[in-house]
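Fold and geometry: a report
These are the residues of each chain, in order.
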Amino acid sequence: MPADDFFDRSEFVQYFRDETDELLQSIDADLLRLEQFVDTGSIDVEIVNSLFRALHTIKGSAGMLEFAGVQQVAHKLESVYDLLRKDRMPLTESGVNLLFEGRDVLTALVRAAVGEGEAPTGVDEYVGRLDDFAAVYDSTAQAIEGPRSEHDAEEDLTPLDEAQLAAFEADVARMLAEAQSRQSDAPEAAAEPTPEAGSGVDVDAAQAAVDALFSFGDDAAAPAPFAAAFQPAPAPTKPVKAAPTFGRAPGAAKPTKVSLTAQPASPPKAAAAKPAAAPAPAASPAAPAAEPKRAVTKNQTIRVDIERLDMLLNLVGELVINRTRISDIAATLGRELGTNGRAEGGLTTLAKDLSESSALLARTTNEIQESIMKVRMVPIGQVFDRFPRMVRDLAKARGKEIHLEIAGAETDLDKTIVDEVGEPLMHLVRNCVDHGIEPPEVREGRGKARHGTIKLNAYHEGNQVIIEISDDGGGIDLSRVREKAIRLGIIGEADRLNDREIIELIFTPGFSTADQVTDVSGRGVGMDVVKKNILRLKGVFDVDSVQGEGTKFTMKLPLTLAIIQALLVRVAQELYSIPLDAVIESQRIDAAEVRTVHGGEVITLRGQVVPLIRVGEFFRLDAPRDPDKVMIVIVGLQGRQVGLVVDSFQGEQEIVIKPLSDVIGRIAGISGATILGNGSISLIIDVHSLVASAYGGGKAARAEFSGV
Amino acid sequence: MSETIQVVSFKLGSEEYGVDIAQVQEINRMVAVTHVPRAPQFMEGVINLRGQLIPIIDLRTRFAMPRTEHTKNTRIVVTEIGTKRVGMVVDSVSEVLRLPVEQIEAAPEMITGVDTEYIRGVGKIEDRLIILLDLARIISGAEKRELEAADVEPAAV
C-alpha cells in the first residue's frame, strides 16, 4: 500500500457527496411526512429522530472534511429538531417551511462544498432567522450550542431488545477485528503519524469505548465523556458503506472514521479520542440502544463503481470459457475411457466425478452471471423520491392542492436507464401539476374533489418496465391543441384529424407547452424532447387523455440497455446477432420466389414488395447461395421492410453489447459484438447502417429501393 | 553503464522485431479469431481476452509479407498503447532483450518488407539486428486506412 494513497481527500469528498445526497433525500421524505402533523398537536417522534440522525451524520462528515458552513447549518437544524422531539416546540406550518428551507440551504452548501456549485447567498440571513425562531422556544439557548443536545438526544430513544443488541455487539466485534487485522497487515500505513491516518490508538480508543458501552453499571447519569464513548458506535454501519470507496486504504479509513466522529468539531487527532474514551465509566443501558437502532433500520447497502461490476462481468466471462473447456475435457476423457474398454475402475470414477463437478461449476457460473446482472439493477424509487417534494413546492406556488401517489417504487431497472429517465419524468410530472390539475375552485365547480391526484406507477411487464404518470385533471384540451397547431402551421384549417391524431400533435417539435395553459411551465422543453429521450432509451411513449377526466402518460422501457434480446443467425460459418427490436419476422422461402427487379433481388410478402440484402455478400464473406431455399429475416426500418438473407436461424438469446475497439473503427453494418456463453464472439448487426450502406453503395439496390 | 531499454523480440519470417516491453501486456497462444467483415485486410479480427474484445492485427499482412499458416509457435502479442489494446499475430516470440540505447540506429533505407514509417530504429546486439516497431504508428495507420477503406470501396450488394 503506497503511503501517498493513504488519505485521498477526493475519495472522502466523493463519499461525503454520495452519502449526503442520500441523507438529504431522506430528509425531504421525512419532512413531507412530518408536515402532516402540522397543528395537530401530536407528532411522530420516529420521524423527528430520523431527521435528527440524518443531520447529525451530515454534521459529523462535514466536520471531518472541515466544511464549516455545512457543519454549522446542520448543527443549527439539528438543534431545532431536538426542540421538536423534546416537545419544547409546537409544529407549525411556518416552522416546517423554515425546515424545508433549511434543507435547501444545506443542499446548496453541500453542492458548493464539493465543488459542484456556487456558494449560496443568504445563508447567514437564514441562520439568523432560524436562531430567532428557535430562541423563542429555547430560553436556555444552550441546547443549540453545547454538546448537551447530543447527550440528551440519546436518552429519548427507545431501548433495544436483546436480539438487536446481540447483533450490534457482533457487528462491533467484527469491525474491531477487521480494523485490527487490517492494521497488522499494513504496518507501514499504521506507522504513519499523520493526524488523518488511523493508528493503534484509534482502535484502542474504540475498543475502550465499546467496552464501556457493554459494561452496564448503575451510573445512569452519563457524564460528559460519555458522548465520546458513545460515538464509535456508528461504525457498524459506516465501514460497510465505506469499504468500496476507501478500498485502497481500508485499514486506515475505519479507525479514522471512529476517531473523527468522536471529535466532529476539531481537526482530528488520533490521540484525542483516547483520553476521552478511556476514562468513560459504565454507560446507561439507553446508550447502546441509540446506535444499534440505526444499524437495524438503515439499509445495508454499499456503493460500487459500475465499472467494477463490468470488470466482474468480464471475469465471469472468462470463468465461463474455462468452464466450457473443463466440460469438454470431461466429455473427452469419458469417451476415451469408454472406448478403451478396460479402463481401471478408479479412473472411470474420476472421470465421472469430473463431469459431475463440471456440471455443478456450469450452474454456479451461470448464477454468478445472472446475479451480477441483477446487481446492476436499481429501484426506480431513486428517481421517484424527488417528486413528493417537487410536487409539494410546485403545487404551493400554483395555489393548487395535489396529492401524489407513488406505487411500484421498488421496481428494478438498469442503473443507466434510471439515470436517464429522471429528466423526462420530471418534465411529465411538472406538466401534470401545471397543465393537468385544475385550481381547487375550478375542480369544485366541476364537481371534483378540491385536491387533484397525480399517480406515479411502475411495474414490470415481461422484460419491460412500464412507468405511468397520470392525473385526474382537465385532460388535454383538444380544440386548443388543434387551434394552436393551425396557428403554427403544423396542420391546415381544413385538415380533419381524429382525437388520437390531435393528441399526437403535442409531440411535434416546436409545439411548446408555453402557450398551452399557464405561464410558468414550458421552460423550453417540449413534449417532443421527452418523447425523443424515451425513444433514445429504446422505449415507447404514449399518452391517453380524456377531456375533463385526466391525462395518462405511459412509457415502456427495456430493463437494461446493456443487454438486448437478439436473433442469432449464421452467415458463412460465423454467428451474427440481429437486435430483436428491429426484427419483424423470419421467413424460409423457395429460391424460386426471389425475383430480380433492376438487378436487385426482391420477394413479395403478403402483397408487399420487399427488397433483399444478402448479408454474406454485403460483408464480402465466402457465402455460396443456397439453390433451393432462402432464409430471410424481415426487418423494419422507418416504416419500410427489408429482407436480410442469412444462411440459417440460430434462435433468440439475450446478449450483452460490447463496443468494437476504436482501433477497428466504424464498420458499416456492425454496431458491436457480444461474447456468447461458450466464449465465442458474435458480431451485432446494425440494421440501420447496413441497409443505408447497402443502398448508398449498391447502385442496383438503390434503384430498386426507390423503384418500390 | 550505458542506458538500456528492454524489448520483447519476435520473428516474422527471417527478420527479428522488437517492441518496448512497457507496451507489451501479455503474450498468448493463437486462439480462435472472429473475422470482422469489411475491416481492412490486415485486421485479422477480434478475440475474447477474458471478456474483453481485443482487435487483432496480422503483422505479416500489415507489412505486406506473404501470409503463412499458423503454427504451434504462432503467438498473439497483446500490446497497450495509451488506452488502446491491440493484439499482433507474429510467427514466434523469441525473448526479452536488453538493448543499449547507443546500439540503436535510425531505420536504414535498405530494410526490405517493412515500410520504414512503422520503424523506430534498428538495434544491434552481437550480430543480430532487431527492428524496433513504432506501435502507435501501426495502430493509427490502421485507423486511417480503415476509414479510407470504408469510404472508397463500394458496397457489394
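Rules used throughout
Residues numbered from 1 in each chain as written. Chains lettered and ligands numbered in written order. Predicted model: local features only at pLDDT ≥ 70, side-chain atom pairs only at ≥ 80, totals over all residues. Heavy atoms only, no water. Helix = DSSP H or I, 4+ residues; strand = E, 2+ residues; numbered from the N terminus. Buried < 20%, exposed > 50% of the residue type's maximum accessible area, 1.4 Å probe, protein only. Contact = heavy atoms within 4.5 Å. Areas by Shrake-Rupley, 256 points an atom, 1.4 Å probe, with all protein chains shown as cover. Patch = residues over 30% accessible without salt bridge, like charges linked within 9 Å, V, L, I, M, F, W, Y side chains within 5 Å. Salt bridge = Lys/Arg side-chain N within 4 Å of Asp/Glu carboxyl O. Pairing = 2+ DSSP bridges. Buried area = accessible area lost by both parts, 1.4 Å probe. Polar contact = N/O pair within 3.5 Å; in protein donor to acceptor, adjacent residues only side chain to side chain. Nonpolar A, V, L, I, M, F, W, Y, C, P; charged D, E, K, R; others polar. Axes fitted to C-alpha atoms, helices over the stretch in contact; angles between N-to-C directions. Parallel < 35°, antiparallel > 145°, perpendicular 65-115°, else oblique. pLDDT = per-residue confidence, 0-100. Phe/Tyr/Trp six-rings, centres within 6.5 Å; stacked < 30°, edge-to-face > 60°. Lys NZ or Arg CZ within 6 Å of the ring centre and 35° of its normal.

Examining the overall build of chain B
Counting its secondary structure elements, chain B contains two helices and eleven strands. Counting across all 157 residues of chain B, residues that qualify as buried make up 48%. Contacts spanning at least 24 positions in sequence make up 56% of the contacts within chain B whose residues lie at least 6 apart. Working note: accessible area of chain B is about 7800 Å², and carbon and sulfur atoms make up 48% of it.

Some points on the overall build of chain A
The number of helices and strands found in chain A is 27 helices and 18 strands. A burial count over chain A gives 49% of its 708 residues as buried. Across chain A, every contact between residues at least 6 apart in sequence was considered, and the portion connecting residues at least 24 apart equals 72%. A total accessible area of about 32800 Å² is found for chain A, and carbon and sulfur atoms account for 53% of it.

As for a nonpolar patch on the surface
All names here are of chain A. A cluster of nonpolar side chains, Met-311, Leu-312 and Leu-315, forms an exposed patch at the surface whose accessible area comes to about 290 Å². With respect to the helices and strands, Leu-312 occurs in helix α16 (residues 306-340). For Leu-312, a relative accessible area of 42% corresponds to the partly exposed category.

A look at the sheet that holds strand β9 (residues 104-105) of chain B
All names here are of chain B. The strand order across the open sheet built from six strands is β8-β1-β2-β11-β10-β9, with neighbouring strands paired in mixed fashion. Two strands bound the open sheet, and with one partner strand each, they are β8 (92-100) and β9. Of the pairings in the sheet, the one linking strand β10 (residues 119-125) to strand β11 (residues 128-133) comprises six bridges and is antiparallel in character. Looking across to β11, one finds that Gly-121 is bridged to Leu-132.

So, the pairing of strand β4 (residues 43-49) of chain B
All names here are of chain B. Counting buried positions along β4 yields seven of seven residues, so the element is predominantly enclosed. Of the strand pairs in this sheet, β4 and strand β5 (residues 52-58) are connected by six bridges, and their pairing is antiparallel. Note on β5: the bridge partner recorded for Ile-47 is Ile-54. Two successive antiparallel strands, β4 and β5, enclose a turn made up of two residues, where Arg-50 displays a positive phi of approximately 45 degrees.

Details of the interface of chain B and chain A
Residue-level contacts link 25 residues of chain B with 33 residues of chain A. Summed over both partners, the interface of chain B with chain A comes to about 2600 Å²; 65% of that surface belongs to carbon and sulfur atoms. There are two residue pairs in polar contact (both at pLDDT 80 or more) connecting chain B and chain A. Split into classes, the residues belonging to the side of chain B that touches chain A amount to 14 nonpolar, five polar and six charged.

Some remarks on the packing of helix α1 (residues 9-35) of chain A against helix α19 (residues 387-398) of chain A
Residues and elements named next belong to chain A. Here α1 crosses α19 at 55 degrees, and the two axes come no closer than 9 Å. Classified by the interaxial angle, the pair formed by α1 and α19 is oblique. Counted together, Asp-28, Leu-32 and Glu-35 of α1 and Pro-388, Arg-389, Arg-392 and Lys-396 of α19 form the full contact between these two elements. Its residues placed into classes, the contact of α1 with α19 shows two nonpolar, no polar and five charged.

A short note on the environment of Tyr-576 of chain A
Inspection of the secondary structure assignment puts Tyr-576 of chain A in strand β9 (residues 574-579). Residue classification places Tyr-576 of chain A among the buried positions, given a relative accessible area of 1%. Separated by 98 residues in the primary sequence, Tyr-576 of chain A and Thr-674 of chain A have C-alpha atoms spaced 9.3 Å apart. In contact with Tyr-576 of chain A, other than residues within four places in its own chain, are Leu-567, Leu-568, Val-569, Val-571, Phe-619, Leu-621, Ile-670, Ser-682, Leu-683 and Ile-685 of chain A together with Pro-37 of chain B.

Describing the side chain of Arg-389 of chain A
By the element assignment, Arg-389 of chain A lies in helix α19. In contact with Arg-389 of chain A, not counting residues within four places along its chain, are Asp-28, Leu-32, Phe-100, Arg-103 and Asp-104 of chain A.

Structural notes on the confidence of the model for chain B
One rule of thumb: low pLDDT means the predicted coordinates there are not for detailed reading. Residue and element names in this part refer to chain B. Here chain B shows a mean pLDDT of 82. Residues at 70 or above account for 82%. When mean pLDDT is taken per element in chain B, strand β3 (residues 24-29) scores highest with 93 and helix α2 (residues 135-152) scores lowest with 57. Counting interchain partners and residues more than four positions distant, the pLDDT-below-50 stretch residues 145-157 has 23 contacts.

Considerations on the packing of aromatic side chains
For the structure shown, the criterion picks out eight aromatic pairs over all chains. An angle of 20 degrees between the planes, with centres 5.4 Å apart, marks the rings of Tyr-576 of chain A and Phe-619 of chain A as stacked. Of this pair, Tyr-576 of chain A sits in strand β9 while Phe-619 of chain A sits in the loop between α25 (615-618) and β14 (629-637), placing them 43 residues apart in sequence. Ring centres of Phe-618 of chain A and Phe-619 of chain A lie 5.3 Å apart, and the angle between their planes is 65 degrees; on these two criteria the pair is classed as edge-to-face. Residue Phe-618 of chain A shares its accessibility class with Phe-619 of chain A, and that shared class is buried. A cation sits over an aromatic face here: Arg-85 of chain A above Phe-52 of chain A, 3.7 Å from the ring centre. Between Arg-62 of chain B and the ring centre of Phe-42 of chain B, over which it is positioned, the NZ or CZ distance is 4.0 Å.

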